Every structure is written in structure tokens, then in C-alpha cells.
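Below are the chains, spelled out letter by letter.
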Amino acid sequence: MKDLNFDHDFLKSLMKGIAAQFGENCEVVLHDLTLPYDRTIIEIENGHVTNRGVGDPGTNLGLEVLRGTVESGDRYNYVTQTKEGKLLRSTSIYMKNANDDIVGSLCINFDISELMMAENTLKSLTAANLSEHVEENFVSNVNDLLDSLLQEAQELINKPVSLMTKEDKIKGLSYLDKKGAFLIKKSGEKIADFYDISKYTMYNYLEEGKKKQKKQDE
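Being a predicted model, the structure only gives us computed values, none of them experimental.

## Quick word on the pairing of strand β1 (residues 26-32)
Reasoning step 1: Burial analysis of β1 places 7 of its 7 residues in the buried class, which makes it a mostly covered element.
Reasoning step 2: Covered by surrounding structure in β1 are C26, V28, L30 and D32 together with E27, V29 and H31, the residues of both alternating faces.
Reasoning step 3: Inspection of the sheet shows β1 paired to strand β5 (residues 102-111) by 7 bridges, in the antiparallel sense. Each residue of the ladder has a partner; that of V29, found in β5, is C107.
Reasoning step 4: One ladder, built from 4 bridges, connects β1 with strand β2 (residues 41-45); its direction is antiparallel. Paired with V29 across the two strands is I44, which belongs to β2.

## Here's the deal with helix α7 (residues 187-194)
Reasoning step 1: Listing the buried residues of α7 in full gives S187, G188, I191 and A192. For α7, the angular spread of buried residues about the axis comes to 130 degrees, placing them on one side.
Reasoning step 2: Where α7 is buried, its residues contact α5 (142-157), α6 (166-178) and α8 (199-217).
Reasoning step 3: Where α7 ends, the next residue or the one after it, D196, has phi of about 55 degrees, a positive value.

## Topic: the packing of α6 against α8
Reasoning step 1: Taken N-terminus to C-terminus, the directions of α6 and α8 make an angle of 80 degrees; their axes are 9 Å apart at the nearest point. Classified by the angle their axes make, α6 and α8 are roughly perpendicular. Where α6 abuts α8, its residues K166, E167, K169, I170, L173, S174 and D177 lie against M202, Y205, L206, E208, G209, K210 and K212.

## Observations concerning the nonpolar core
Reasoning step 1: Residues L173, L176, F182, I191, Y195 and M202 are the most contacted members of the largest nonpolar core, which totals 29 residues.
Reasoning step 2: Among the secondary structure elements, those contributing two or more residues to this core are α2 (60-67), α5, α6, α7 and α8.
Reasoning step 3: A per-element tally of this core places α5 first, with 7 residues.
Reasoning step 4: Residues in contact with L173, not counting those within four places in the same chain, are F182, I191, Y195, I197, M202, Y205 and L206.
Reasoning step 5: Judged by nonpolar contacts, the second largest core, of 14 residues, contains L30, L87, V103 and L106.

Procedures and definitions
- Residues numbered from 1 in each chain as written.
- Predicted model: local features only at pLDDT ≥ 70, side-chain atom pairs only at ≥ 80, totals over all residues.
- Heavy atoms only, no water.
- Buried < 20%, exposed > 50% of the residue type's maximum accessible area, 1.4 Å probe, protein only.
- Helix = DSSP H or I, 4+ residues; strand = E, 2+ residues; numbered from the N terminus.
- Pairing = 2+ DSSP bridges.
- Arc of directions from axis to C-beta.
- Contact = heavy atoms within 4.5 Å.
- Axes fitted to C-alpha atoms, helices over the stretch in contact; angles between N-to-C directions.
- Parallel < 35°, antiparallel > 145°, perpendicular 65-115°, else oblique.
- Core = buried A, V, L, I, M, F, W, Y, C linked by side-chain atoms within 4.5 Å.

Now the structure itself:
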């Protein structure tokens with residue numbers, strides 16, 4: 001596969017086929033991961049499932065793949081939940097070019113909320129072979145995704161920023177880096193403001209965190 005445009009028409013037809021096969025509760029999304037992360041969605045079927053559309057961003061899981069935090073980004077048949085409380089059975093498959101660079105992803109999100117309510121009679125369709133619950137944030141604005149990651153980082157430290165030590169902030173920044181937060185356009189300024197430090201100090205803290213992790217890994 002040279003690039004996403006090479007197979008765009010086929011992928012678009014495949015998406016329509018999957019959506020038609022499983023009905024209106026099945027969202028199918030095509031991400032072009034060569035674009036800025038705030039607008040990676042280039043095709044979507046049944047976007048009402050997660051309330052997203054063309055031009056919206058990817059999720060936190062995609063950031064982790066691009067950051068290299070996870071070795072293999074493909075996930076199959078995992079369970080996640082939207083902010084509205086819909087329970088989804090999802091699959092995410094990443095596409096690479098000839099240079100082994102990630103260029104896109106095809107994601108399927110099937111709303112099984114109603115099926116789960118009828119679990120006793122539909123158990124074979126909803127409960128079989130489901131893997132662990134995975135936290136995935138579906139957003140229509142990339143700033144909401146960054147806000148969610150900042151909230152996760154603060155919960156990790158379990159202190160308000162005003163009471164955080166330098167080591168606490170290094171730990172929080174390292175977590176955000178691991179989750180791919182710095183891949184979001186202009187995220188550095190917002191993250192620095194969140195921790196009440198300058199961007200210069202923030203990047204120094206990030207380097208300290210990387211050096212500390214490297215020593216722990218040796």
C-alpha cells in the first residue's frame with residue numbers, strides 16, 4: 001500500500017458494505033493519519049453512533065499508535081463507551097505504506113447498547129469473545145480530547161496543580177507524552193498553561209522524565 005489515496009475508492013466501498021451489512025447502529029470510520037490530528041476523519045458511515053463527521057479528530061487510541069506507545073495498534077472486538085453512555089463493540093485496523101509508516105486506519109464501532117439490555121436472549125451476539133474494557137474517547141473537537149488527557153494526567157497524580165511538586169509535574173507530563181498528547185497541534189501551550197509553567201520549563205521537564213525512564217529501563 002503506497003498511501004491512503006491509492007485504496008480510497010475501495011475502502012469507501014468496503015465501508016458502505018460493512019454499514020449496510022450491520023445496519024444503522026454500525027459506524028465505520030476512515031482516518032487519514034497523514035493529516036493533522038484535529039481533522040483525520042475523511043469518510044464516515046452512520047456517524048450518529050459517536051456524533052462525529054468528516055473533518056473531526058481521531059481518538060486517544062490513535063494518538064498512542066502514532067506516538068509509538070503501543071507496538072501493534074490493531075485491536076479487535078474490544079468494548080468501549082461514548083460520553084453519552086452508549087456501549088460499543090469496536091475494531092481498529094491501521095494501514096501502513098511501503099516505508100512501514102502508518103498512514104490511515106479503518107475503525108468499526110457497533111452500538112450494542114440495546115443488545116446488552118436483551119443479553120439473556122442475545123448473549124451469543126453480544127457477550128462472546130469480548131476482550132477487556134478499553135477507555136476510548138470519541139470527540140468532535142480535538143481540544144476535548146486534550147482536555148480528557150489532561151484530566152487523566154491530573155487523576156494520576158491525584159493533586160490539584162497548585163499543590164504539585166516538580167516531580168509530580170514531570171510524572172504528569174511523561175504520562176501525556178506517552179499518550180501522544182503532544183502530537184495534537186498547539187497542545188504544548190495549553191499543557192504548559194495547565195501546569196502553570198513556561199513552555200521552556202515544560203520541555204526541560206519532559207527531557208528529565210525521559211532520562212529517568214531510560215535509567216529505570218537499563
